[in-house]
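# Structural overview
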Amino acid sequence: MSLFKAREWWSTAVGNNEEFDQGCLCVANVDNSSNEQDKIIVGSYMGFLRIYNPHPIKPGDSVQPEDLLLEVQLRDPILQVEVGKFVSGTELLHLAVLHCKKLCVYAVSGSLGNIEHGNQFQLKRMYEHTLQRTAYNMTYGPFGGIKGRDLICIQSVDGMLMLFEQESYSFGRFLPGFLLPGPLTYSSRTDSFITISSCRQVESYKYEVLAFAKDAETQETEQQKLGSGKRLVVDWVLNIGEQALDICVISVNQLISSVFVLGERNFFCLKDNGQIRFIKKLDCSPSCFLPYAVSGTVVNTLIGNHNSLLHIYQDVCLKWATQLPHIPVAVRVGKLLNLRGVIVTLSDSGHLQCSYLGTDPSLFQAPKVEARDINYEEYDAEMNKLQKIIREARKTKDIVPKSEKSEDISLSVTVLPDLDSVSQATDSEVTGEVVPSSSIKIRVESRQLMLIKLTVHVQSPLALTQDKFIFELEPYVPKTLLVSAFLKGNSPPADLEGSALASFSTPTDLSPEGVPRVVQCKFRLPLQLVCFPVQPSKTANQKLTIDTNKLPVSLVTLFPDFSDQTEEDQLNALGFQLLAGSRVTLLASKTSQRYRIQSDYLEDLWLITKELTLRLEEHFRKQNCKDFACSFSGPIPLQEYFEIIDHHFELRLNAAKYEQLLSERAIQFRAIERRLLARFKDKTPAPLQHLDTLLEGTYRQVIALADAAEENQANMFQAFTKLKSATQLVILLISLWQKLSADQVAILEAAFLPLIQDAQELGWEESVDAAVSHLLKTCLSKSSKDHALTLSNQLCIPKDTNRLKKHITVLYDRLAKGGHMSLNTDVDSQQTMISQGGCATILESDLEERSASQDSPAMFTNHRHLMKQKTKSDLPQYELQEAEKP
């Protein structure tokens, strides 16, 4: 921003809701007054032509009516206005107005009135040219070296230069290689027209070459076919590498002239033969410019930009910078009321201002502060209070600040307890069973009229009948929406939780459009949505035992929606059949305080285990029991968990192989196509040499590989869902095993569940490996060797999962030996924790020997509590029958 502002001498608003551009402003003595005072001519795209003779005004005063000499509404939009010697037989100045299809030349004259406000100005049309082509811009000058008059050259939008010798049409020529029109100017010293083509080249054409070239009735390509007449040849070409906004030629004397080009990023000065004189890189995006000669060979250039700044350059040196109240699209310099060098600027909305450069900066002066005695005790108390707030803030683990409860809108979600009588499931991939659906009722209420965008989200493979809503909410008129959730994919979901998110804008005093805000409400879908009751199974490959500190609760009480009150066996055993999974059996001990969950697959245990812990907590919460707790004595099924990781990683490697094979076959397919096309285009027929057979075979390979890649992608999605279920189950078991706090569980979830969706570019394995390595290096570090552990700057798919499994094993072992996870990076607290934990350093060689020698599943037990020996009386009925088998 500039320190100095442009000193306003006179300003006004031209028209109302009108548009202007760089050709709509001209400053000249258009009425040929004897005092040689310039007038300001402004034309607009609405067809209004205005002429001003400004007088200085005092601050706060309005523009005087006599400043507007003439205002005429023409029928067509005004593209450009210029003043020159356009009428034959006289050297008086006349006004040329360019319309889209017409060129008009007017004479402006004034007559004195009898009173002060009686001066009248008239606009008399001298002649008019109707254009056959749509005009873009024009330039004028003494074409051909004539003296005492100016000729006009108009450039059309299709690239034709139309030259007019005052009242008569002279000739027209098409520019070679034309695509889009650009800025156009005339150099009197070289008698040539200079323009910028769409190829970002500055091109110069001699007037003599234009005059003697073949007459243009069609485009250049058709001229060449006729073969008669001279071709239009460019004089010189310079590639500037960017699009130009404007071009101007300044002739200091008969021997020196310069071509100035304003680009989008640079400002160019060229010699009249096309050689570069200098280039100035601009800091801001320019909007307009005006080079003008000062004295001798000195040329100043005014450059306006989109930051409302006006820069004054002398060659490449910045001499002055001033702040404007608007973004200028046109700038001129004139003599107004014997004041030379008045800067006239015009904005695209019609803000017209006459200003001059001044050195009266607007500086802020701070008020004087009254001296007062310093109370050091009060300052010390305030400092201690602030330091306490800072320490409390540093202990906060939340990265995202907690937002206050919104009072403008209320959002509530209710999941209906019963399943839909008629299922709303559509396009479900689950086969063999009727897929149920559950209704979700969403209620939204607002205090004021606002537009609500509501989004409902559930974890895939669950789906909704409709997940997005846009509606207008009336004040205090609640709106209720009803959607249904169902299982769409052919695998059990990793989570039954969902969320509803409403976004809206709240208007404020500072922002009338409104500040965007978001309200979120979470909900949990019923377990009946993904499974149904079956007979319990006596055998299973995977078993987990959850211990509690309270007497066992009947399963009929915990799961009334899955049990039959008439069957006594269901008091201690329940069976759950997942819609897209295996059978899960839940057993409750009659005498001990244990519950067993068993199934053939580890990942299928997650939903039932989570539901069991939630229902137990809710049951004892209703009984006002505050000391209820669940625990897990082990073992942690790491070996089965690693098998799930290996299966998912194998599918990722297969996806990379399929992608590489598809790329190779696609390259081969395109190469065969090119050869076939070359054979077909050849005028001399040649044998195909079985290229068509090779093309068909390659096409079949591409289709087969694409189908295999698509099938592998579906399998990888199911494997990732199973991996998330197994990961959440392992995290739950670790939290019950080591009595982890909510903050520690959140750290584990952030480390092991970093991705919502798996992708080939960034997968689960490398993300979790980096997170676990960071935990081992920071809060779970035990030696300087762990501090030296290096993390990769770029995450990429690993060669295998050995490193990941080794890091996970080390993490669990350190948690088993008293490791504590915390986001606090205070070194002293870490050292205290290390000394209290008393954990020995785990050597990498020892770890590798241990992992290599273990043939059975990895097991970690709680070293702080001894496992209780089970007896036959402690086991449930189904467990007892299995134990008695030989």
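Quick caveat: nothing in here was measured; it's all calculated off a predicted structure.

Let's shift gears to the overall build of the protein chain. Of the regular secondary structure elements, the protein chain holds 14 helices and 43 strands. Expressed as a percentage of the 886 residues in the protein chain, the buried residues total 45%. Relative to all contacts within the protein chain whose residues are 6 or more apart in sequence, the contacts with residues 24 or more apart total 61%. Accessible surface for the protein chain amounts to roughly 48500 Å². Of this, 50% is attributable to carbon and sulfur atoms.

Okay, the nonpolar core next. Judged by nonpolar contacts, the single largest core of 104 residues is most densely connected at Ile440, Ile442, Leu527, Phe576, Tyr641 and Phe752. Examining the composition of this core, we find that 11 residues originate from one element, helix H7 (residues 691–738), more than from any other. What Tyr641 contacts, discounting residues up to four positions off in sequence, is Leu602, Leu723, Ala726, Thr727, Val730, Phe752, Trp764 and Ile808.

Moving on, we come to the sheet that holds strand E41 (residues 583–588). Strand order across the open sheet formed by 6 strands is E38-E40-E41-E42-E39-E43, with antiparallel pairing between neighbours. Only two strands of the sheet have a single neighbouring strand rather than two, namely strand E38 (531–534) and strand E43 (630–631). Judged from the 6 bridges that link them, strand E39 (residues 542–548) and strand E42 (residues 594–599) form a sheet pairing that is antiparallel. In the strand pairing of E42, Leu544 is matched with Ile597.

As a further point, take the environment of Leu755. Secondary-structure assignment places Leu755 in the loop between helix H8 (742–752) and helix H9 (764–777). Here the alpha-carbon distance between Leu755 and Val768, two residues 13 residues apart in the chain, equals 9.3 Å. Not counting residues within four places of it along the chain, the set of residues in contact with Leu755 comprises Phe720, Leu762, Gly763, Trp764 and Ser767.

Looking now at H8. Where H8 is concerned, the buried positions are Gln744, Val745, Ile747, Leu748, Ala751 and Phe752. Within H8, the buried residues cover an arc of 155° as seen down the axis, which keeps them to one side. In H8, those exposed residues whose orientation departs by more than 90 degrees from the buried face are Ala742 and Ala750. Considering only its buried residues, H8 is in contact with helix H6 (638–681), H7, H9 and helix H11 (802–816).

Inspection of the sheet shows strand E32 (residues 450–458) paired to strand E36 (residues 497–506) by 6 bridges, in the antiparallel sense. Each residue of the ladder has a partner; that of Val458, found in E36, is Gly498. Pairing of E36 with strand E37 (residues 515–524), which is carried by 10 bridges, proceeds in the antiparallel orientation. Among the inter-strand pairings, Ser499 is bridged to a residue of E37, identified as Lys522.

Taken together, Val233, Val234 and Val237 make up a surface patch of nonpolar side chains, about 210 Å² in accessible area. Judged by relative accessible area, which is 51%, Val233 ranks as exposed.

Time to look at the sheet that holds strand E23 (residues 286–295). Strand order in the open sheet formed by 5 strands is E1-E26-E25-E24-E23, and the pairing between neighbours is mixed. Pairing within the sheet leaves two strands with one partner each, and these edge strands are strand E1 (4–5) and E23.

In the structure shown here, the tally under the stated rule is 22 salt bridges. In this structure, a network of salt bridges that share partners links the residues Asp495, Arg524, Asp561, Glu611 and Arg615.

With that settled, the discussion passes to the side chain of Asn266. Along the chain, Asn266 falls in strand E21 (residues 266–271). Assessed through its relative accessible area of 17%, Asn266 is described here as buried. Leaving out residues up to four positions away in the same chain, Asn266 has contacts with Glu242, Val261, Ile279, Lys280, Lys281 and Leu282.

Note on placement: Thr609 falls in helix H5 (residues 605–622). Only 2.6 Å separates the side chain of Thr609 from the backbone oxygen of Leu605, close enough to count as a polar contact. In contact with Thr609, not counting residues within four places along its chain, are Leu544, Ile597, Leu729 and Leu732.

Before going further, it helps to examine the packing of H8 against H9. For the pair H8 and H9, interaxial distance at closest approach is 8 Å and the crossing angle is 140°. In terms of orientation, H8 lies oblique with respect to H9. Seen from H8, the contacting residues are Ile747, Ala751 and Phe752; seen from H9, they are Trp764, Val768, Ala771, Val772 and Leu775. Taken together, the residues that form the contact of H8 with H9 break down as 8 nonpolar, no polar and no charged.

Our focus in this paragraph is the packing of aromatic side chains. In this description, a pair of aromatic rings is defined by centroid distance and the angle of the planes. Tallied over the entire structure, the rule returns 19 aromatic pairs. Centre to centre, the rings of Phe559 and Phe576 are 5.4 Å apart; their planes meet at 65°, and the pair counts as edge-to-face. Pair noted here: Phe559 is in the loop between helix H4 (555–558) and strand E40 (573–578) and Phe576 is in strand E40, with a separation of 17 residues, a long-range link. Of the two residues, Phe559 and Phe576, neither departs from the other in class, the shared state being buried.

What follows is about the packing of H9 against H11. The geometry of H9 relative to H11 is characterised by a closest axis approach of 9 Å and an angle of 40° between their N-to-C directions. Regarding H9 and H11, the two cross each other, and that crossing is left-handed. Contact residues: Trp764, Glu765, Val768, Asp769, Val772, Ser773 and Leu776 in H9; Arg803, Leu804, His807, Ile808, Val810, Leu811 and Arg814 in H11. Residues that form the contact of H9 with H11 fall into these classes: 8 nonpolar, 2 polar and 4 charged.

Along an α-helix, a turn takes 3.6 residues, which lines up residues three or four apart on a common side. Given a rise of 1.5 Å per residue, 14 residues ought to cover 20 Å, and the 20 Å separating the end C-alpha atoms of H9 matches this to within 8%. Within H9, 10 of the 14 residues are buried, which leaves it mostly tucked inside the rest of the structure.

A few words now on unusual backbone geometry. Of the consecutive residues Ser460 and Pro461, the connecting peptide bond is found in the cis state with omega at 15°. Although it is not a glycine, Asn32 adopts a positive phi angle of roughly 55°. By the secondary structure assignment, Asn32 is in the loop between strand E3 (25–28) and strand E4 (39–43). With a phi angle near 60°, Asn624 is a residue other than glycine that sits in the positive phi range. Tracing the chain through its elements places Asn624 in the loop between H5 and E43. Judged by relative accessible area, which is 68%, Asn624 ranks as exposed.

Among the secondary structure elements, Leu586 is positioned in strand E41. On the basis of relative accessible area, Leu586 is assigned to the buried category, the value being 0%. Discounting residues that sit within four places of it in the chain, Leu586 has contacts with Leu555, Phe559, Asn572, Ala573, Leu574, Phe576, Arg596, Ile597 and Leu612.

With that settled, consider the confidence of the model for the protein chain. Mean pLDDT over the protein chain: 82, with 84% of residues reaching 70 or higher. Predicted confidence is poor over residues 220–229, with pLDDT under 50, and the contacts of this stretch with residues over four places away or in other chains come to 12 contacts. Scored below 50 in pLDDT, residues 825–886 shows 79 contacts in the model against residues more than four places distant or in partner chains.

The rules behind the values
Residues numbered from 1 in each chain as written. Predicted model: local features only at pLDDT ≥ 70, side-chain atom pairs only at ≥ 80, totals over all residues. Heavy atoms only, no water. Helix = DSSP H or I, 4+ residues; strand = E, 2+ residues; numbered from the N terminus. Buried < 20%, exposed > 50% of the residue type's maximum accessible area, 1.4 Å probe, protein only. Contact = heavy atoms within 4.5 Å. Areas by Shrake-Rupley, 256 points an atom, 1.4 Å probe, with all protein chains shown as cover. Core = buried A, V, L, I, M, F, W, Y, C linked by side-chain atoms within 4.5 Å. Pairing = 2+ DSSP bridges. Arc of directions from axis to C-beta. Patch = residues over 30% accessible without salt bridge, like charges linked within 9 Å, V, L, I, M, F, W, Y side chains within 5 Å. Salt bridge = Lys/Arg side-chain N within 4 Å of Asp/Glu carboxyl O. Polar contact = N/O pair within 3.5 Å; in protein donor to acceptor, adjacent residues only side chain to side chain. Axes fitted to C-alpha atoms, helices over the stretch in contact; angles between N-to-C directions. Parallel < 35°, antiparallel > 145°, perpendicular 65-115°, else oblique. Nonpolar A, V, L, I, M, F, W, Y, C, P; charged D, E, K, R; others polar. Phe/Tyr/Trp six-rings, centres within 6.5 Å; stacked < 30°, edge-to-face > 60°. Left-handed = near helix turned anticlockwise from the far one by under 90°. Expected span 1.5 Å × (residues − 1). pLDDT = per-residue confidence, 0-100.

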